[in-house]
Amino acid sequence: MKMTFRWYGKNVDPIPLKYIKQIPGVEGIVWALHDIPAGECWSVDCIEEVKMQTAKYNFNIDVVESVNVHEDIKLGLPSRKKYIENYKNTLKNLGRAGVKVVCYNFMPVFDWTRTDLYKPQSDGSTALFYEKAKVDNINPVKFLEQMSKQEGLLTMPGWEPERFSKIKELFEAYKEIKEDELWENLKYFLQEIIPAAQENGIKMAIHPDDPPWSIFGLPRIITCGDNIRKFLSLVDNPSNGLTLCSGSLGSCAKNDIAAMVREFGDRIYFAHIRNIRHFKNGDFAETSHKTSDGSLDITEIVKEYHDIGYKYYIRPDHGRHIWDEKCRPGYGLYDRSLGIMYILGLWDAFEKISASKGGTV
Ligand SMILES: [Mn+2]
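Since the model is a prediction, treat every value here as computed from it, not as a measurement. Residue indices begin from 1 for each chain and proceed along its sequence in written order. Since the coordinates come from a predicted model, pLDDT governs what is reported: local features require at least 70, and pairs of side-chain atoms require 80 or more to be given and counted, while whole-chain, interface and lining totals use all residues.

Visitor: Just checking my understanding: could you explain helix α4 (residues 80-96) for this structure?
Guide: The α-helix advances 3.6 residues per turn, and as a result positions three or four apart in sequence lie on the same side. Strands here are runs of E lasting at least two residues and helices are runs of H or I lasting at least four, both read from the DSSP assignment and numbered beginning at the N terminus. Helix span is expected to be 1.5 Å times the residue number reduced by one. The terminal C-alpha atoms of α4 lie 24 Å apart, and with 17 residues this matches the ideal 24 Å at 1.5 Å per residue to within 8%. Among the residues of α4, those classed as buried are Arg80, Tyr83, Ile84, Tyr87, Thr90, Leu91 and Leu94. One face of α4 carries all of its buried residues, which in axial projection span an arc of 115 degrees. One or two steps after α4, the chain reaches glycine 98, where phi turns positive at roughly 95 degrees. Buried means a residue has 20 or more other C-beta atoms within 10 Å of its own C-beta, exposed means 12 or fewer, and partly exposed covers the counts in between; C-beta atoms are placed from the backbone. What the arc measures is the spread of directions leading from the helix axis to the C-beta atoms.

Visitor: Would you mind going over the sheet that holds strand β1 (residues 2-6) with me for this structure?
Guide: Strands are treated as partners if at least two bridges between them are detected by DSSP. Sheet architecture is closed into a barrel: 8 strands sit in the order β1-β2-β3-β4-β7-β8-β9-β12, paired in parallel fashion. For this sheet the average axis-to-axis angle between neighbouring strands, irrespective of direction, equals 30 degrees. Examined bridge by bridge, strand β8 (residues 240-245) and strand β9 (residues 268-273) share 4 bridges and lie parallel to one another. By the bridge assignment, leucine 244 is partnered in β9 with alanine 271. Across the sheet, helix α14 (residues 334-356) touches β1, β2 (26-31), β9 and β12 (313-316), and the angle it forms with β12 is around 130 degrees. Under this scheme, a helix contributes an axis fitted over its contacting stretch, all axes are lines through C-alpha atoms, and angles between N-to-C directions fall in the 0 to 180 degree range. Working definition of a contact: two residues with C-beta atoms, positioned from the backbone, lying within 7 Å.

Visitor: When you look at the sheet that holds strand β10 (residues 276-278) in this model, what are you seeing that I'm missing?
Guide: The strands that make up a sheet are held in pairs by hydrogen bonds between backbone atoms, and each pair lies either parallel or antiparallel. The sheet built from 4 strands is open, its strands ordered β5-β6-β11-β10 with antiparallel pairing. Edge positions in the sheet fall to β5 (116-120) and β10, since each of these pairs with one other strand and no more. Neighbour-to-neighbour, the strand axes of this sheet turn through a mean angle of 35 degrees, independent of strand direction. Here β5 pairs with strand β6 (residues 126-130) via 3 bridges, running antiparallel. In the strand pairing of β6, proline 120 is matched with threonine 126.

Visitor: How should the pairing of strand β4 (residues 101-104) be read in this particular structure?
Guide: On a regular strand, each side chain points to the face opposite its neighbour's, so the side chains alternate between the two faces of the sheet. Sheet topology places strand β3 (residues 60-65) next to β4; 3 bridges connect them, and they run parallel. The partner of valine 63 across the bridge, within β4, is valine 101.

Visitor: What's the story with the nonpolar core in this structure? I'm lost.
Guide: When a protein is soluble and globular, its nonpolar side chains tend to lie buried together. Definition of nonpolar core: a set of buried Ala, Val, Leu, Ile, Met, Phe, Trp, Tyr and Cys residues joined via C-beta atoms within 7 Å. Counting residues in each nonpolar core, the largest one holds 82 residues, and the members touching the most others are Val64, Val101, Val102, Ile193, Ala205 and Phe270. In terms of residue count, the dominant contributor to this core is helix α9 (residues 179-199) (8 residues). In contact with alanine 205, other than residues within four places in its own chain, are Val101, Val102, Cys103, Gly241, Leu242, Thr243, Tyr269 and Phe270.

Visitor: When you look at the pairing of β1 in this model, what are you seeing that I'm missing?
Guide: Sheet topology note: the β1/β12 ladder contains 2 bridges and is parallel. Across the sheet, the residue bridging to methionine 3 is isoleucine 314, located in β12.

Visitor: Could you clarify how one ought to interpret the environment of isoleucine 276 in this entry?
Guide: With respect to the element layout, isoleucine 276 can be found in strand β10. In contact with isoleucine 276, other than residues within four places in its own chain, are Gly247, Gly250, Ser251, Phe284, Ala285, Glu286, Thr287, Gly294, Ser295 and Leu296.

Visitor: How do you make sense of unusual backbone geometry when you look at a structure like this?
Guide: Most of the time, phi is negative for any residue but glycine, and the peptide bond is trans. Of note, the bond from glutamate 65 into serine 66 is cis; its omega dihedral lies within 30 degrees of zero at -5 degrees. Turning to its location among the elements, serine 66 is positioned in the loop between β3 and α3 (71-75). The step from aspartate 210 to proline 211 runs through a cis peptide bond, and the omega angle for that step is -5 degrees. Among the structural elements, proline 211 can be located in the loop between β7 (203-206) and α10 (225-234). Residue valine 109 is not a glycine yet carries a positive backbone phi of 60 degrees. Within the fold, valine 109 resides in the loop between β4 and β5. The class for valine 109 is partly exposed, based on 19 C-beta atoms found within 10 Å.

Geometric descriptors of this kind do not, in isolation, establish any biological role.
Listed below in structure tokens is the structure:
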């Protein structure tokens, strides 16, 4: 596996590349051109600029997270043709720059959703938190109003203010889109872009829905093992793959992440690893990566990746905010670095164990 670290870009991310360089084991930067609106083509020049910045530190830029999908594609509107054309051109330009994996998601309107970005934890840190009753009992416009008051949210990918200036129109448009229609629109998108991705040496890696259930009456479909199986068969091509996010899928207690790694391993091109703690009422909190701190068995998940001989990219996912760090919600330097050391520690131990048994698996 290759360890990576998400970075929001020069002058935007408060974490400089020279600090990331000091985290043991990091080989690549997970990046994106966050200021280019969904649906527009990424130019060769802008891509080359990131390549130059990161090359100075000897990081690869093999993984992009994300090339966002325009809402008209998810809605299946006639204008999707133009946006899909732009998407294909972006893939061409990324392939030319040596990019190997492109992460994206297919969630209508709302990207990842939490109710609290800085929920105090018992150890004095803060972390992202989801209060189920709050989302279940509020209308989306009010929810958005409340969330935009939380520091840092509207600077996060997936929560761009321009996306929400049209929130009422978007909800109106999605009235006709149930799960079946969303599957159809996803299939159409995949049939168009997967051949283009393959031609350009790129593996597409869909990120599961976060949380993996319907919110505000909007359909969500990348939510569980059955649906992932269906997704992979929509276009059965090695370039049609997954970002397996342990925390997103794992917020539904029924999802067995280690079993998913075992089943879908050869189509997982990007692994997000983080832990969360479930509460009986459906709430969940993000925790440190350590197995005993949350509800997910991170040890077992890492062991599964090790045992299948996973060759692709891993990154620690969100971290808590610790040691008074001022950072983007979930994306500080400190706790994500601890997460990396935990994952690498487990990995090294499994390597040693399998070597002592007569060779790697
Ligand atoms: Mn994730």
